[in-house]
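# A look at the structure
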Amino acid sequence: VVIQDADLEYDPTDYSTLLAPLIRGETDVVYGTRFGAHSRVPRFSLHHFANRLLTAFSNFATGLELTDMETGYKAFSRRAIEHIAPKLQSPRFGIEPEFAARIAETELRVKEVPISYTPRTLLQGKKLLGWKDGPAALFSILRFGILVRPRRILKAGGIAFALAALAAAAAFLPPLISDPDSFYHLT
């Protein structure tokens, strides 16, 4: 199963790059990283920094070693997607941290491959993350990453991290709760 955002920022000719490690039996899940050689990601933008920060938090929570957790370009073996799909709950951008947590939870083998990426501009219809999406993604990391793998976090001294992240997320919860469409449901 290949997941690709519909806006064609990811090049469909990279399907063979994504699928090759699956076909060779090397992995269960392939992430296409936008931070490889063929990428045109602006390196010093706020969104680049936010992606790197969220990826680092997600990696800490899940034990994965991704460079681009927020990518919209992934491939799964049938076995992997059958384990993950029934558990998925998150809407919007919270799905990416949940994917990472569910992959870690089931201890699937993960590989990243560099992909082509040409970001669209706002004039071309690019939908950028809003200010609410960052805290909501952080909340998803806490909800799915830390709560799914608490033993790993506790062993790594993650209680302080979890409390700090919860405090940071709590600062944004009142505005998120007032807009139920942008808040990730707790049930």
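Described in the following lines is the structure provided in the data block. Just so it is clear, the structure is predicted and the values come from calculations on it, not from any experiment.

## Some words on the overall build of the protein chain
Within the protein chain one finds eight helices and four strands. Reading the protein chain from its N terminus to its C terminus gives the helix and strand order β-α-β-α-β-α-α-β-α-α-α-α. Counting every position in the protein chain, which comprises 187 residues, the buried fraction comes to 43%. In the protein chain, of all internal contacts separated by at least 6 residues, the share reaching a separation of at least 24 is 75%. Of the accessible surface of the protein chain, which amounts to about 9800 Å², a share of 63% is contributed by carbon and sulfur atoms.

## Thoughts on helix H2 (residues 46–62)
The α-helix winds at 3.6 residues per turn, so residues separated by three or four positions along the chain end up facing the same way. Compared with an ideal rise of 1.5 Å per residue, which puts 17 residues at 24 Å, H2 spans 24 Å between its outermost C-alpha atoms and is within 8% of the ideal. When H2 is considered as a whole, its buried residues turn out to be His 48, Asn 51, Leu 54, Thr 55, Ser 58, Asn 59, Ala 61 and Thr 62. Take H2 and look down its axis: the buried residues cluster within an arc of 160 degrees, on one side only. Every exposed residue of H2 that faces more than 90 degrees away from the buried side is listed here: Leu 46 and Phe 49. At the C-terminal side of H2, Gly 63 shows a positive phi close to 85 degrees.

## Thoughts on the nonpolar core
Note on soluble globular proteins: their nonpolar side chains tend to be buried together. In this structure, Val 29, Tyr 31, Phe 76 and Ile 103 are the most contacted members of the largest nonpolar core, which totals 20 residues. Those elements that place two or more of their residues in this core are strand E2 (29–33), H2, helix H3 (78–84), helix H4 (95–105) and helix H5 (133–148). Formed by nine residues, the second largest nonpolar core is a distinct cluster that contains Tyr 10, Leu 22, Val 30 and Ile 115.

## Points about the environment of Ala 20
Checked against the element boundaries, Ala 20 lands in helix H1 (residues 15–23). By relative accessible area, which is 21% here, Ala 20 ends up partly exposed. Here the alpha-carbon distance between Ala 20 and Val 113, two residues 93 residues apart in the chain, equals 9.8 Å.

## Notes on the side chain of Thr 62
Relative to the helices and strands, Thr 62 is located in helix H2. At 2.8 Å, the side chain of Thr 62 forms a polar contact with the backbone oxygen of Ser 58.

Calculation criteria
Residues numbered from 1 in each chain as written. Predicted model: local features only at pLDDT ≥ 70, side-chain atom pairs only at ≥ 80, totals over all residues. Heavy atoms only, no water. Helix = DSSP H or I, 4+ residues; strand = E, 2+ residues; numbered from the N terminus. Buried < 20%, exposed > 50% of the residue type's maximum accessible area, 1.4 Å probe, protein only. Contact = heavy atoms within 4.5 Å. Areas by Shrake-Rupley, 256 points an atom, 1.4 Å probe, with all protein chains shown as cover. Expected span 1.5 Å × (residues − 1). Arc of directions from axis to C-beta. Core = buried A, V, L, I, M, F, W, Y, C linked by side-chain atoms within 4.5 Å. Polar contact = N/O pair within 3.5 Å; in protein donor to acceptor, adjacent residues only side chain to side chain.

Honestly, it's all geometry; don't read function into it.
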